[in-house]
Protein chains: 2
Amino acid sequence: MKGIAFLLVAVAAVAGFVANSAPASGHADGEVASIFGIKIPPGYRDWRLISVAHEGGNLNDLRALLGNDVAIQAYREGKLPFPDGTIIARLAWSYVPSEENNKVFGRAQSFVAGDATNLQFMVKDSKKYAATGGWGFAQFKNGKPADEALLKTCFPCHEPIKVRDLVFTHYAP
Amino acid sequence: MKGIAFLLVAVAAVAGFVANSAPASGHADGEVASIFGIKIPPGYRDWRLISVAHEGGNLNDLRALLGNDVAIQAYREGKLPFPDGTIIARLAWSYVPSEENNKVFGRAQSFVAGDATNLQFMVKDSKKYAATGGWGFAQFKNGKPADEALLKTCFPCHEPIKVRDLVFTHYAP
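Quick look at the structure, then. Since the model is a prediction, treat every value here as computed from it, not as a measurement. (Residues numbered from 1 in each chain as written. Chains lettered and ligands numbered in written order. Predicted model: local features only at pLDDT ≥ 70, side-chain atom pairs only at ≥ 80, totals over all residues. Heavy atoms only, no water.)

1. A closer look at the relation of the copies chain B and chain A
For these two chains of identical sequence, chain B goes onto chain A by a turn of 180° and a shift of 0.0 Å along the axis, with RMSD 0.0 Å. Taken together, the turn and the small shift mark the pair as related by a two-fold rotation axis. Distance from the rotation axis, computed per C-alpha, reaches its smallest value in chain B at Arg48 of chain B: 2.9 Å. When the interface residues of chain B are mapped onto chain A, 100% of them are again interface residues, pointing to one common binding face. (Least-squares fit on C-alpha atoms with pLDDT ≥ 70 in both. Contact = heavy atoms within 4.5 Å.)

Spelled out as structure tokens, the structure:
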């Protein structure tokens, strides 16, 4: 019994450590995603903004696209295709009406970011990911990578955007 | 005539210079805004993301809130009131349906950032701006500051959000 009690304390301590060491982003560090072998890039929440969007329908989210330095430079210089080393992060949060804002404004017009939904990355490596247009794709929910079936849907959806190297999002000035 | 031709070439050259020297942000460097004396902070477009939102109604924009280092640190540490030196930037773009995205997705659900509308800043200086809760307010459109009458509307609108030091936007994890 002493052994089990010790184990429980140890497990609680480890759980506490994991909870406390969560990054400022609120997204836990990820396991390796299947197929493309992509982990959550450290520090992605500090990356610079590419643009924002609202996806309605079933997704119904507000999203922000952030880019690492390679991505931001390529965007600003209009460099296509994106160079190897480009990583684009797509953060998304549920699309929530803000009662607090609407009360101040006197009308129902304000929608803000609620809970994080999931996190996606596009990683450019023209050799490693040659079969999918040079891009690896990843999705994480609460730090857990999406399964292979879902990740297989990324490339076919991005493929039509050949004119911008499979990237949907334009840079917002 | 030679004089006029020279002048036109000179004007074109200057126009070209101005176009080429526009910052990566797409927003020209600003004149001083009235009342609060705030200029567009250099490099604000490189600041880190606080959150995103959609304002409907007459505004009908997608917006991103970015913070300088002082702002981001205060947000992440939950530090209130925000310390002097905090600057929060609010970028906004027209809320535009994306035909390109909708075509790929097979449904009308995608709204993206169109042209930039205007640019706002909140600057914390508890002494300088003591009369307006410690915050100075600025708005710029195409690099031009908003007039005094408009800037006088900022503080009364922000004032009800006392619980978060007059700042509407929550940090998005």
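2. Structural notes on the interface of chain B and chain A
Between chain B and chain A, the contact holds 44 residues from the first and 44 residues from the second. Across the chain B/chain A interface, buried area totals approximately 3500 Å², and carbon plus sulfur atoms make up 55% of it. Contact with chain A buries surface across chain B, with Arg45, Val52 and Pro173 of chain B losing the most and accounting together for 18% of the total. On inspection of chain B and its partner chain A, the count reaches six salt bridges. With a shortest N-O distance of 3.1 Å, Arg48 of chain B and Asp46 of chain A are connected by a salt bridge. The set of elements that each furnish at least two residues to the side of chain B that touches chain A consists of strand 1 (48–55), strand 2 (61–67), strand 3 (87–97), helix 3 (99–105) and strand 4 (110–124) of chain B. For the side of chain B that touches chain A, the element with the most residues is strand 1 of chain B, which contributes eight residues. (Buried area = accessible area lost by both parts, 1.4 Å probe. Salt bridge = Lys/Arg side-chain N within 4 Å of Asp/Glu carboxyl O. Helix = DSSP H or I, 4+ residues; strand = E, 2+ residues; numbered from the N terminus.)

3. Focus: helix 2 (residues 69–77) of chain B
Quick reminder: α-helices carry 3.6 residues per turn. Residues three or four places apart thus point the same way. All names here are of chain B. Listed in full, the buried residues belonging to helix 2 are Ala71, Ile72, Ala74 and Tyr75. In an axial view of helix 2, the angular spread of the buried residues amounts to 165°, which keeps them on one side of the axis. Those residues of helix 2 that are buried are in contact with strand 1, strand 2 and strand 3. Backbone geometry just after helix 2 places Gly78 at a positive phi near 65°. (Buried < 20%, exposed > 50% of the residue type's maximum accessible area, 1.4 Å probe, protein only. Arc of directions from axis to C-beta.)

4. Re the pairing of strand 5 (residues 135–141) of chain B
Residues and elements named next belong to chain B. By the criterion of burial, strand 5 is predominantly enclosed, with six of the seven residues buried. Across six bridges, strand 4 lies against strand 5 in antiparallel orientation. Each residue of the ladder has a partner; that of Lys124, found in strand 5, is Trp135. If you look at the hairpin formed by strand 5 and strand 6 (residues 144–145), you'll find two residues sitting between the two strands, and Asn142 has a positive phi there, around 50°. (Pairing = 2+ DSSP bridges.)

5. Section: the packing of aromatic side chains
Residues and elements named next belong to chain B. For the coordinates displayed, the defined rule picks out 18 aromatic pairs over all chains. Seen from their ring centres, Phe36 and Tyr129 are 5.6 Å apart, and the 70° between their planes marks the pair as edge-to-face. One end of the pair, Phe36, is in the loop between helix 1 (2–21) and strand 1; the other, Tyr129, is in the loop between strand 4 and strand 5, with 93 residues separating them in the sequence. Assigned by exposure class, Phe36 and Tyr129 land together as buried. (Phe/Tyr/Trp six-rings, centres within 6.5 Å; stacked < 30°, edge-to-face > 60°.)

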